[in-house]
Amino acid sequence: MKIFLDTANLEEIKKGASWGIVDGVTTNPSLIAKEGKPIEEQVRAICDIVDGDISAEVVATEFSAMLEEGRKLAKIHKNIIVKLPLIRDGVQACKALESEGIRTNVTLCFQAGQGLLVAKAGAYIISPFVGRIDDMGADGMILIHDLVKIYKNYGFKTQILAASLRTPNHVIEAAKAGAHIGTLPFKTLDSLFNHPLTDKGLDAFLKDYAKVFGTK
Ligand code: E4P
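Just so it is clear, the structure is predicted and the values come from calculations on it, not from any experiment.

A.B. asks: Which parts of the structure should I look at to understand the nonpolar core?
C.D. replies: The nonpolar side chains of soluble globular proteins are, as a tendency, buried together. Membership of the largest hydrophobic core comes to 57 residues, with the highest contact counts inside it found for Leu73, Ile80, Leu84 and Ile144. A per-element tally of this core places helix α8 (residues 141–154) first, with six residues. Beyond its immediate stretch of four places on either side in the chain, Leu73 contacts Ile39, Ala56, Glu57, Val58, Ile80 and Val82. Residues Phe4, Ile125, Leu161 and Ala163 belong to the second largest nonpolar core, which totals six residues.

Here's what the structure looks like:
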């Protein structure tokens, strides 16, 4: 499973990238707004840090305005993936942009039927939101399992990007389900490293070694 960082914060992206395990970045209008810089400037800076798919989302909601905005975003850098909301105009824009060779990520997927439409439109990526379904008291991971099954049944090429992953367990379950990509806030990526037995074991190894050879 590819790991993307779900943030527009440059410090977090630099730190994550320095670990050598980040394959791409997803942003959304809320994350861009949090950083306070225009989207063009912010995603260009992200492209300078990570050499992988960088999702930049349109804020237009009407077909021709989405196309215009999507084309502009795609010109920023070869790694930009144009993110579109899963509404009728968004799916239509996905089909049109993909036919022009512009790769798309269709976002805000909460139901497998929506995912079927997005695959048929030829999206490069679909983003089903696990955590937001969990927030409503349902099991968001079922959506990942359903999409993996449906896409396999028909050989759809659209990559399933498990989004709204908030815990290490979400990441593990998305990987077990067969999601192609998981996008994680920095905090979730950082916490994936942690296990008390790793810390305890390392402490014991170093102490045993130091008893015989001293510390460096
Ligand atoms: C990513 O593409 C989504 O915008 C993001 O994962 C949403 O996460 P949230 O539900 O934690 O805001």
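A.B. asks: Could you clarify how one ought to interpret the site of the ligand in this entry?
C.D. replies: In the region of the ligand, the neighbouring residues are Asp6, Thr26, Asn28, Lys83, Phe129, Arg132, Ala163, Ser164, Arg166 and Thr183. Between an oxygen atom of the ligand and a side-chain N or O atom of Arg166, the distance comes to 2.9 Å. When atoms are counted within 2 Å of each cavity's grid points, the one that captures over half of the ligand is the largest pocket. For the shell around the ligand, the class distribution of residues is two nonpolar, four polar and four charged.

A.B. asks: Can you walk me through the pattern of salt bridges in this structure?
C.D. replies: Oppositely charged side chains are able to pair whenever their charged atoms sit close together. All told, the structure shown has ten salt bridges when counted by the stated rule. Of the charged contacts, one joins Asp53 and Arg103 as a salt bridge, the two residues approaching to 3.4 Å between their closest N and O atoms. With Asp53 in strand β3 (residues 53–57) and Arg103 in the loop between α5 (88–99) and β5 (104–109), this residue pair connects regions lying 50 residues apart in the sequence. Under the relative-accessibility criterion, Arg103 is labelled partly exposed at 26%.

A.B. asks: Just checking my understanding: could you explain the layout of surface pockets for this structure?
C.D. replies: The rolling of a water-molecule-sized probe over the atoms marks out the regions of remaining empty space. Roughly 340 Å³ of internal volume is contained in the largest pocket. What lines the largest pocket is a set of 20 residues, and nearest its centre among them are Asp6, Asn28, Leu31, Phe129 and Arg132. For the lining of the largest pocket, the element with the most residues is helix α2 (residues 29–35), which contributes three residues.

A.B. asks: I would appreciate a short explanation of the sheet that holds β5 in the present structure.
C.D. replies: Strand pairing in a sheet is mediated by backbone hydrogen bonds. Such pairs are either parallel or antiparallel. In spatial order, the strands read β1-β2-β3-β4-β5-β6-β7-β8; together these eight strands close into a barrel with parallel pairing. Taking the axes of each pair of neighbouring strands and ignoring which way they run, one obtains an average angle of 30 degrees across the sheet. Bridge count for strand β2 (residues 24–26) against β3 is three bridges, and the pairing is parallel. Bridging from a neighbouring strand, Thr26 pairs with Ser55 of β3. On the sheet, helix α3 (residues 39–49) packs against β2, β3 and β4 (80–85) and is oriented at approximately 170 degrees with respect to β3. Contacting β4 and β5, α5 runs over the sheet at an angle of about 155 degrees to β4.

About the criteria used
Residues numbered from 1 in each chain as written. Predicted model: local features only at pLDDT ≥ 70, side-chain atom pairs only at ≥ 80, totals over all residues. Heavy atoms only, no water. Core = buried A, V, L, I, M, F, W, Y, C linked by side-chain atoms within 4.5 Å. Buried < 20%, exposed > 50% of the residue type's maximum accessible area, 1.4 Å probe, protein only. Helix = DSSP H or I, 4+ residues; strand = E, 2+ residues; numbered from the N terminus. Contact = heavy atoms within 4.5 Å. Near = heavy atom within 4 Å. Polar contact = N/O pair within 3.5 Å; in protein donor to acceptor, adjacent residues only side chain to side chain. 1 Å grid on protein atoms, 1.4 Å probe; cavity = no way out; pocket = protein on both sides within 12 Å on 5 of 7 lines; lining within 4 Å. Sits in = over half its atoms within 2 Å of the grid points. Nonpolar A, V, L, I, M, F, W, Y, C, P; charged D, E, K, R; others polar. Salt bridge = Lys/Arg side-chain N within 4 Å of Asp/Glu carboxyl O. Points joined across faces, edges and corners; volume = space filled by probe spheres on them. Pairing = 2+ DSSP bridges. Axes fitted to C-alpha atoms, helices over the stretch in contact; angles between N-to-C directions.

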